[in-house]
Amino acid sequence: YAGFLDTMDESQRFFMILPLIHSEEITDHEMAYYLVGKYLKDHPGIDDIKKFWKDHTKAIRKFHRYPHRNKILGRQSTPEEIEYLDEPNSSW
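In this text, all values refer to a predicted model and were calculated from it rather than measured experimentally. (Residues numbered from 1 in each chain as written. Predicted model: local features only at pLDDT ≥ 70, side-chain atom pairs only at ≥ 80, totals over all residues. Heavy atoms only, no water.)

A. Quick peek at the side chain of Ser90. Mapped onto the elements, Ser90 comes out in the segment after α5 (79–85). For Ser90, a relative accessible area of 3% puts it in the buried group. From its side chain, Ser90 meets the backbone oxygen of Tyr84 in a polar contact 3.4 Å long. Here Glu87 takes part through its backbone oxygen, which lies 2.8 Å from a polar atom of the side chain of Ser90. With residues up to four places along the chain from it excluded, the contact list for Ser90 reads His68, Tyr84 and Leu85. (Helix = DSSP H or I, 4+ residues; strand = E, 2+ residues; numbered from the N terminus. Buried < 20%, exposed > 50% of the residue type's maximum accessible area, 1.4 Å probe, protein only. Polar contact = N/O pair within 3.5 Å; in protein donor to acceptor, adjacent residues only side chain to side chain. Contact = heavy atoms within 4.5 Å.)

What follows is the structure in structure tokens.
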């Protein structure tokens, strides 16, 4: 990122960081949390952002992928993933 985000306003930073949380790589999630802490800590929606992102990271930590993407990507869902998808906040 080498200072690139430093040149942006808060909305632009959020837009640039957001794709990281949609990755199925936990390292991208970790980077997203770091960048949010650095660049979005004063964002008016920070509490909602953190909650929404924690829901995303919960799925990645548990399954190492987003189960709601399985069908479209031709992946077989496990029984645990199917059960998870019946819970609130399990697909976005």
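B. Layout of the environment of Glu87. Note on placement: Glu87 falls in the segment after α5. Separated by 42 residues in the primary sequence, Glu87 and Gly45 have C-alpha atoms spaced 24 Å apart.

C. Spatial organisation of the packing of aromatic side chains. Going through the model one piece at a time under the given rule, you end up with three aromatic pairs. Considering the side-chain rings of Tyr33 and Trp53, the 6.4 Å spacing of their centres and the 80° angle between planes classify their relative orientation as edge-to-face. You can see Tyr33 sitting in helix α2 (residues 26–39) and its partner Trp53 sitting in helix α3 (residues 46–63), a full 20 residues away along the chain. For Trp53, a relative accessible area of 1% corresponds to the buried category. (Phe/Tyr/Trp six-rings, centres within 6.5 Å; stacked < 30°, edge-to-face > 60°.)

D. Spatial organisation of α3. Taking 1.5 Å of rise per residue, 18 residues should cover 26 Å, and α3 covers 26 Å from first to last C-alpha, within 8% of that figure. Of all the residues in α3, the buried ones are Ile46, Ile49, Trp53, Asp55, His56, Thr57, Ala59, Ile60 and Phe63. Lining the buried residues of α3 we find α1 (10–21), α2 and α5. (Expected span 1.5 Å × (residues − 1).)

E. Seen up close, the pattern of salt bridges. For the structure shown, the criterion picks out five salt bridges. Between Glu80 and Lys62 there is a salt bridge whose closest N-O contact spans 4.0 Å. Remark: Lys62 occurs in helix α3 and Glu80 occurs in helix α5; sequence separation between them is 18 residues. The partly exposed category is assigned to Lys62, whose relative accessible area is 40%. Glu81 serves as the salt-bridge partner of Arg65, at 2.7 Å between the closest nitrogen and oxygen. With Arg65 in the loop between α3 and α4 (70–73) and Glu81 in helix α5, the pair connects residues that are 16 residues apart, well separated along the chain. A single burial state applies to Arg65 and to Glu81, both of which are buried. (Salt bridge = Lys/Arg side-chain N within 4 Å of Asp/Glu carboxyl O.)

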